[in-house]
Amino acid sequence: MTEKRKYMTVPRESATFDSSTLSEIRRAADTGIYDIRGAGAKRKLPHFDDLLFLGASMSRYPLEGYREKCNTSVTLGTRFAKKPIELEIPVTIAGMSFGALSAYAKEALGRGASAVGTSTTTGDGGMTPEERGQSTKLVYQYLPSRYGMNPDDLRKADAIEVVLGQGAKPGGGGMLLGQKITDRVAKMRTLPKGVDQRSACRHPDWTGPDDLEIKIKELREITDWQVPIYIKVGATRTYYDVKLAVKAGADVIVVDGMQGGTAATQDVFIEHVGIPTMAAIPQAVQALQEMGMHRKVQLIVSGGIRNGADVAKCMALGADAVAIGTAAMVALGDNDPKWEEEYQKLGSTAGSYDDWHEGRDPAGISTQDPELMKRFDPIEGGRRLANYLRVLTLEAQTLARACGKNDLRNLEPEDLVALTVESAAMARVPLAGTSWIPGQQQTF
Amino acid sequence: MTTNNLAETSAIESVGGVATVDLAVQTVRDLNQGLHDQHDEMTIEKWDVLNPKGHHNLAVGVNQKLKIDIHGPAGYYCAGMNQQAEVTIHGHTGQGVAENMMSGLVRVKGNASSAAGATAHGGLLVIEGDAGSRCGISMKGVDILVKGSVGHMSCFMGQAGVLAVCGDAGDALGDSLYEAHIYVKGSVKSLGADCIEKEMRPEHIEELTELFERAGVTDQDPRDFKRYGSARQLYNFKVDNAGSY
C-alpha cells in the first residue's frame, strides 16, 4: 500500500497586502504617526528607462564620437535678466537646504558644481558662507518659510528661484525635525532649538499668479533686474502651471517630477501626489510652445535623473537643462555600502536609507551631528561630484552624437521611441516599431 | 517685451538736498534705482515721491539711512526688505508693506492691506489705521504697532518680535505661534492653534512702553493690553495633539 501524498498550498503573499504594506500598518498602529522619510517616490513609475534613442543609420548622419564637437553649454535667464547664467553643462544641482544637509555637504556641492561650470542652489534655510564661497554660480531659493531670507544674500545670488512646490510634495511645505535644529540652524531660521519645524506650504504675502507677477517684479526691483528669476513647481497640472509661470514673468521654469527627492515629508505625500517627471515635460514644452516661449523661457527638469541617458532624454523632450539632487547626494557618498554595518543598526541598508530627517546619516551628509559630519570630506566629495557630472555630460554627448546632433539642445522628440504604451502616451513619442502615439492622431 | 524697456532708468535730480520723484512722469524703476544708488555713498538723504497712485514695489530693497515720504496710496510690497531707511506712506498701502524688513522704520498713515510686515526680521512698522489679514505673518523679529485693528490669522507662525494691536484682532490670532509676543488692547475674536493668553508681567509692560516710545505713540497705556503667546504644545509632534494640527 502506497502512502497518500499530501499536497500543501504554498504560502502566498498578497499583492495588495504585501510585506511592506503590512509592516507599515503595524508601525502606524504602534506609533500613531504617519511615516516621515526623505528621498522621492520609490514605487515603480513610468520613467526614462522606457524610452530609447533612434541612433543614426541610413536616414540620419551621426557625428564622430571623439572628434566632432557636441555643445553642452546653455544660457539661462535670457528673457529679462541683465546677467543671464552661463552654464558649461546642462546639469545643475537642485535646491537642498543647509539644515537638511551639513555645511560641509553644501560646500562640496558648490565645489563639484563649480569645477564643471554649473550652478548649485540653496534651500529652505538660507545661504551659508561655505556654499556661497565655493559656488561660482549660486541660485538662491525664495521659499514660503523665508527662513534666513535677507536682501543682502539676495543681492549676492546669481539667480533667484521662487519655489512654489517640489515634486516630492506638491502642495506641501518643508519639514526639518528637532534632531537637526542645532544652534546654528536655529539661529539662521529664527527658531527655538530642537523644535520640529514645519514650513508653510504657501507664500505668506501673495496668493495667486497675479500677485506672483507683482512679487517677481519686487525681486527684480530689489536686484536692479540683474539676475534671472526662476519659478519652481512640483509636477502636477504642469501645462497650466507653466503657462501661469510665464505670465507671472519667469525667466526660467523648473519642473520637478514626483521622483524628485526631499529631505523629509510624509511617505503618503511622496508616493501619492504628483506625476512622473517624464509625463510632465511634454506638458511644459507644449505650454511654452503655445506661448511662443520655448527656448526663450528656459525649462529645467528634475526628478529621478540618474545618468547621461536621462539627461539626453529630458533634453530631447524639450528641456534646456536638468537638475539633480538625490543622485548628487549619492555621488557625494550617501548610502555608500562602506557604511552598511551602521545602516543596519539604523534598521536600514545601504541604498535604502532615507531617514535623513533623523540626523544620524552614517555618511555624515544629511546630518548636523558634529561627529558624523567629520566623516565627510568636502574636498573629496566635491571631486566625486565633479567626476559624476562629467560622466553625465559625456554620456549625454555620446547619445546626441549618435543621433547626429552637435548640440545637446538639438535633440528632439523625433529621436525617441517608447517601450511601453504608457510611456509613449506620457512622453508623446511613438511606441517602438510603430508610428503610434497614444492619444494623438496617427501620422506617417 | 525686452529687458531694456523695463530695466532702463533715467537719472534722479535733487533740489536743496531733496529728491522729488514724480511717478506721473518717472517710473518705479527710476525711483528704486535712484534709491539704490545711495547705498555706497549717500548724496541725497530726503526723498519725496509724488503721485504714487497705488504703484507697486515703491522704495523696495533700500539699504541706507534715507528719509522717504510717499505722498499718497501705495500698492503691494511698499518698502519691502527695507534696511535702515525711514519710509512714511501718507496714505493707504496694499499687500505686504515692509515685507521682510530688516531694519529701519516704516510708517503707514492710513490702513494697510494683508500680510503687513510679513516675515520681517527687524525694524519697526507702525500702521496708524487698520491692518488686514495675516498682519505679521511669519514675522522673524520685527516690531509691529497697529493703532487700529488687525484681520484674521495675524501673527500666523510668528517666530520673533512684537505685534501690538490697539484695536481688535480677528479670528485665529497667533495660529501655530513660535516665540513672537502679541499684545492686544481690544477683543480677540478667536485664538489660533497653540496660542494662549498669558500673564502680563512687568517686563511685558516695559516692552510695550518702549515700543510706544519708539513709535511715537503717547495715547496708549500698556496696562490696558492683554498678552498672548505660544503654549509651546505643538513644538514637537505628539500623537495626542493630532486634533490640533
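Before reading further, recall that the structure is shown in the block above.
This structure is a prediction, so every number in the text was calculated from the model and none was measured.

What's the story with the overall build of chain B in this structure? I'm lost.
Looking only at helices and strands, chain B has 3 helices and 12 strands in total. Since a compact globule built from 245 residues should have a radius of gyration of about 18 Å, the 19 Å found for chain B is in line with a globular shape. Projected onto its principal axes, the C-alpha positions of chain B cover 60 × 45 × 30 Å. Taken across its 245 residues, chain B has 52% of its residues classed as buried. Within chain B, contacts between residues separated by at least 24 positions form 24% of all contacts whose residues are at least 6 apart in sequence.

What should I look at first to understand the nonpolar core in this one?
It is characteristic of soluble globular proteins that their nonpolar side chains tend to be buried jointly. Tyr230(A), Ile253(A), Val322(A), Ala59(B) and Leu125(B) are the most contacted members of the largest nonpolar core, which has 204 residues in total. Leave out the neighbours within four places in its chain, and Ile253(A) touches Tyr230(A), Ile231(A), Val242(A), Ala245(A), Ala284(A), Val297(A) and Leu299(A).

How do you make sense of the interface of chain A and chain B when you look at a structure like this?
Many descriptions give the size of an interface as the accessible area lost when the pieces come together. Taken together, the contacts link 26 residues of chain A with 41 residues of chain B. Counting residues per element, the side of chain A that touches chain B draws most heavily on helix 6 (residues 209-222) of chain A, which supplies 5 residues. Looking at side-chain class alone, the side of chain A that touches chain B contains 13 nonpolar, 5 polar and 8 charged residues.

Would you mind showing me how to read helix 9 (residues 277-290) of chain A here?
An α-helical segment advances 3.6 residues per turn. Residues three or four places apart therefore align on the same side. Residues and elements named next belong to chain A. Helix length check: helix 9 (14 residues) gives 20 Å between terminal C-alpha atoms against 20 Å at 1.5 Å per residue, within 8%. Among the 14 residues in helix 9, 10 count as buried, and that is most of the element. Listed in full, the buried residues belonging to helix 9 are Thr-277, Met-278, Ala-279, Ala-280, Ile-281, Gln-283, Ala-284, Val-285, Ala-287 and Leu-288. Against the buried residues of helix 9 lie helix 7 (238-248), strand 12 (252-256), strand 14 (298-302), helix 10 (308-316) and helix 15 (421-427).

It is not clear to me how the sheet that holds strand 1 (residues 14-15) of chain B should be interpreted in this structure. Could you clarify?
Each strand in a sheet pairs with another by means of backbone hydrogen bonds, the pair being arranged parallel or else antiparallel. All names here are of chain B. With mixed pairing, 12 strands are arranged side by side in an open sheet as 1-2-3-4-5-6-7-8-9-10-12-11. The open sheet is flanked by strand 1 and strand 11 (195-198), the only strands paired with a single partner. Relative to strand 3 (residues 46-50), strand 2 (residues 18-22) runs parallel, the two being bridged by 5 bridges. Bridge pairing in strand 3 links Thr-20 to Asp-48. Across the face of the sheet, helix 2 (residues 28-36) comes into contact with strand 2 and strand 3 while running at roughly 160° to strand 2. Against the sheet, helix 3 (residues 202-215) makes contact with strand 7 (124-127), strand 8 (140-146), strand 9 (160-165), strand 10 (181-184) and strand 12 (226-230), and its axis sits at roughly 75° relative to strand 9, the strand it touches most.

Teacher, can you tell me more about the environment of Gly129(B) here?
Residue and element names in this part refer to chain B. Position of Gly-129 relative to the elements: it lies in the loop between strand 7 and strand 8. The partly exposed category is assigned to Gly-129, around which 17 C-beta atoms lie within 10 Å. For the pair Gly-129 and Ala-215, spaced 86 residues apart in the sequence, the C-alpha separation amounts to 14 Å.

Reading the values: rules and limits
- Residues numbered from 1 in each chain as written.
- Chains lettered and ligands numbered in written order.
- Predicted model: local features only at pLDDT ≥ 70, side-chain atom pairs only at ≥ 80, totals over all residues.
- Helix = DSSP H or I, 4+ residues; strand = E, 2+ residues; numbered from the N terminus.
- Rg over C-alpha atoms; globule rule 2.2 N^0.38 Å.
- Buried ≥ 20, exposed ≤ 12 C-beta atoms within 10 Å, placed from the backbone.
- Contact = placed C-beta atoms within 7 Å.
- Core = buried A, V, L, I, M, F, W, Y, C linked by C-beta atoms within 7 Å.
- Nonpolar A, V, L, I, M, F, W, Y, C, P; charged D, E, K, R; others polar.
- Expected span 1.5 Å × (residues − 1).
- Pairing = 2+ DSSP bridges.
- Axes fitted to C-alpha atoms, helices over the stretch in contact; angles between N-to-C directions.

Nothing here speaks to function; it is all geometry.
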